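This is what each chain is made of:
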Amino acid sequence: MLSTTLRTLRTRWVTFVGSFVALSLGVALIAVMGLALASSLDAPGRGPERFAAAPVIVKGQDTLEVPTSIGDRTQKLAQPRAVPDDAVAKLRDLGTVVEDRSFAVRSEGGPADLVGHPWSTAAFAPYQLDAGRAPEAADEVVVSGDWARPGTRVRTDGGTVRVVGTVAGLGFENAVFYTDTRAAELSPRSLQLVVDADATAVREAVRGSEGVQVLTGDARRYADADPDRDSEALTAMNAMFGTAGGVTGFVSVFVVASTFAFAVAQRRREFGLLRTAGATPDQIRRMVVSEALAVGVLASAAGCVLGSYGAPALAEWAVDESLAPRWFTIGDYTWPYHMAFWTGLFVALCGVLAASWRAGRTGPTEALREASVDTRPMTWGRWLFGAALLITAAVTLALALVTNPGDLLQRKTYVSRPMLLITAVALLAPVLVRPLARLIAWLPAQLPGAGGMLVRENAAAGVRRTAAVAAPVLVTVALAGSLLGATATLNEAKATEVREQTAADFVITPAGDAGFDEATLKRLQAVSGAEVSASSSSAVYVLEDGMALIRSDARAVEPEPLAATARLPLTAGRVSDLDDDSIIVNEEWEKHAVGERVDVWLGDGTRKSLKIAAVMTIGTGNNGVYVTPRNAPAAPVDRVDVRLADGADTATVAAGLSQAVRASGGEVLTRDAWVRATYPETNRTTRMGFFLVLGIALLYTGISLANTMVMATSDRVRELAVLRLAGATRWQVLRMVGAEALMVVMVGGLLGALVAGLNLLGMWSALGLLSVWTSIEIPWATLAAAMGTCAVLAVISAVAPAGLSLRRRAVELAGTPE
């Protein structure tokens, strides 16, 4: 049997090369994702950056800690507290105290991530002047990097400034240094101090001040702007590579299993000849499994080698796209290779397991068959598993809609849910292929000539071949439609919520992070014909189930202006009932009954008991909570909603508002313009992760599609020769082969669109149950591009081998053994 296996591998090399390519590529992708995931598990230790030369840093309370029965639970405060004044006075007695401030700076022509600091803090990095001098006037600055030279005038959101000096960039920020006085004007609150004194004396001085931290040594990195950025980047990368790895594994397993099963199904007559020659069913099965084992070992080994080259390229791409920290590289790990190798071998064997059982049942009479019609494309196992997966997908969707529709809006759900439906539809594809093929080819079949009829009948007769070729297209279209469509639909739903909840005619936003000052607010309130509602962004924290400390975004606003400029989706209570002793929550809260009291922690960590004044729907998850300004201490006003009074002229009010915020640099937008400007966008890491997944899926689909088409076409040499002997010209045969390839791609595309549509319909239903009615967003351009790419690859992969085979005489081809 071993010698027969080796001779078969040598004789039917086209079929086995196709299986080899599909499997090796799948193993390579699994190895690449495994190596990337393993390398993103741990981050190297990072020391202080902005304060590497600072002696001691004193930082106000910025974390809320709540003890529970299973340990302390922590959350970052929305409004960190400054170091208390009495503690600052004690510190000044010990030595020099420098107040640190950091604030975003928007400029014309400068980097997008400019951040401002007082010049006195530059020495703690340390920054050193390369050119020019230190700033001395309010309109003078020193910048890091080489994007501006001394003497350059730069327009910023805080006014036009003149660059008087430059410092070399240190790689972790793009800084703009102002005088200490000007920095205090642009960012009044100082949350941390640098103290030139003995650390022990500093700790003694702040003892008793709640939440105050004294940072020395490596702990000084917690005074940097984003001390956890490496761990956050790793978490994002883990999610991205984990998602990509899961989808890649699914796609590769799906396509490899389909390819191996198709390769076995092609050899029906061959197995019939072996049975005629005396081979037993067990011998046939052992031969098929031995072939899969040989191909699987070689292809898996080759895939691991390819993966070792592909992983560094992926890491370099992630760093170049700023999806990974600069230090990210592929580490020296072996377990991803083991996982990829044994997964590939397991998939190869599983791919032929059911097919080998069918091969063993092949009767000797199969050797006499000339027709290629699939009489029983659906086995009982395929019916069973396909129906079971379809029912499971339907039941889980129904349960989610009934119990927790919000779960369907989570990324982990709308990424994983399509896999179940894709597998179910692929298993049941032979049932759908024949009616779809006849539907698509109905019109061409009515045209003069036999071409359209042949295309229709060939696709409908060769159900297994059509289903195998359509499978990669199904996966690509279903993934593209489901993933991109889900994010687009969810973003549109969020925009719909904002649009429906905003009753203001104008929305005004500040230029910087400091928000609007009191003088600007008074000027806005003095504009004739304008009803002004000023609000602040904050947060509240609640302990649910006695164990989970949950943060909810909060907006602080007075109740009467809120009722005039917003249409909150209330299910109970009234906006006018909101006061300093109450809160408006949503139905997602554990306690959400009007009149019930709930213990919360405010944005600065203050604990308070508030009465529930009203309850909102859950929506897409963006319906936070509402409190009064007194319950959002230190939160700057970052948004002003304006509604026109009865009879007020729109143009006159708009001009008055613009004049009122001109000094502070605020922006006045109409309601529609503000909704467009704040249209939600998918997180960049998530978006790039999806493109990575879809890019891999499309690449793998393209190669597998070309591979399967070559396998299928090479197996039809005698069929094509018979057409030539029946009088068809060479170009007629090639056109028919190309048309069949196009139709098969259309079949796969329609099945993929069906899967995507069902998934998006489930999300749309969940949004409806959450009281958000929006349209289903379908990524038509992406789907068209994917279909077009698949169509080009399929036609080339079908026509090229057919054209090469037809270069021989038809009589010779008709006598070619299979």
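This text goes with the structure placed above it.
Description of the structure in this document. These numbers were taken from a predicted model, which means no experiment stands behind them. (Residues numbered from 1 in each chain as written. Predicted model: local features only at pLDDT ≥ 70, side-chain atom pairs only at ≥ 80, totals over all residues. Heavy atoms only, no water.)

Some details on the packing of aromatic side chains
Here's step 1: The tally for this structure, following the rule as stated, stands at 6 aromatic pairs.
Here's step 2: With 5.7 Å between their ring centres and 45° between their planes, F103 and Y178 make a pair best called tilted. Of this pair, F103 sits in strand β5 (residues 103–104) while Y178 is found in strand β11 (residues 174–178), placing the two residues 75 residues apart along the sequence.
Here's step 3: Exposure remark for F103: the relative accessible area of 8% places this residue in the buried category.
Here's step 4: With a centroid separation of 5.5 Å and 65° between ring planes, the pair formed by W764 and W773 is classed as edge-to-face.
Here's step 5: When its relative accessible area of 28% is taken as the criterion, W764 is described as partly exposed.
Here's step 6: Looking at R221, its charged tip hangs above the ring of Y222, at a distance of 4.5 Å from the centre. (Phe/Tyr/Trp six-rings, centres within 6.5 Å; stacked < 30°, edge-to-face > 60°. Helix = DSSP H or I, 4+ residues; strand = E, 2+ residues; numbered from the N terminus. Buried < 20%, exposed > 50% of the residue type's maximum accessible area, 1.4 Å probe, protein only. Lys NZ or Arg CZ within 6 Å of the ring centre and 35° of its normal.)

Focus on the sheet that holds strand β12 (residues 192–195)
Here's step 1: Taken in spatial order, the 4 strands make up an open sheet running β4-β12-β1-β13, and their pairing is antiparallel. Across the chains shown, the open sheet's two edge strands, defined by having one partner strand only, are β4 (97–100) and β13 (213–215). The mean angle between the axes of side-by-side strands here comes to 25°, regardless of whether they run parallel or antiparallel.
Here's step 2: Examined bridge by bridge, strand β1 (residues 56–59) and β12 share 4 bridges and lie antiparallel to one another. Bridged to K59 within β12 is Q192.
Here's step 3: The strands touched by helix α5 (residues 199–206) are β1, β12 and β13; relative to β1, the strand with the most contacts, the crossing angle is about 15°. (Pairing = 2+ DSSP bridges. Axes fitted to C-alpha atoms, helices over the stretch in contact; angles between N-to-C directions. Contact = heavy atoms within 4.5 Å.)

Details of the side chain of S187
Here's step 1: As for its position among the elements, S187 is in the loop between α4 (180–186) and β12.
Here's step 2: Setting aside residues up to four positions removed in sequence, S187 forms contacts with R101, S102 and F103.

Side note on unusual backbone geometry
Here's step 1: A125 connects to P126 through a cis peptide bond whose omega is 0°.
Here's step 2: Inspection of the secondary structure assignment puts P126 in the loop between β6 (114–118) and β7 (129–132).
Here's step 3: One non-glycine residue, D545, lies in positive phi territory at about 60°.
Here's step 4: Within the secondary structure, D545 is located in the loop between β15 (530–544) and β16 (548–557).

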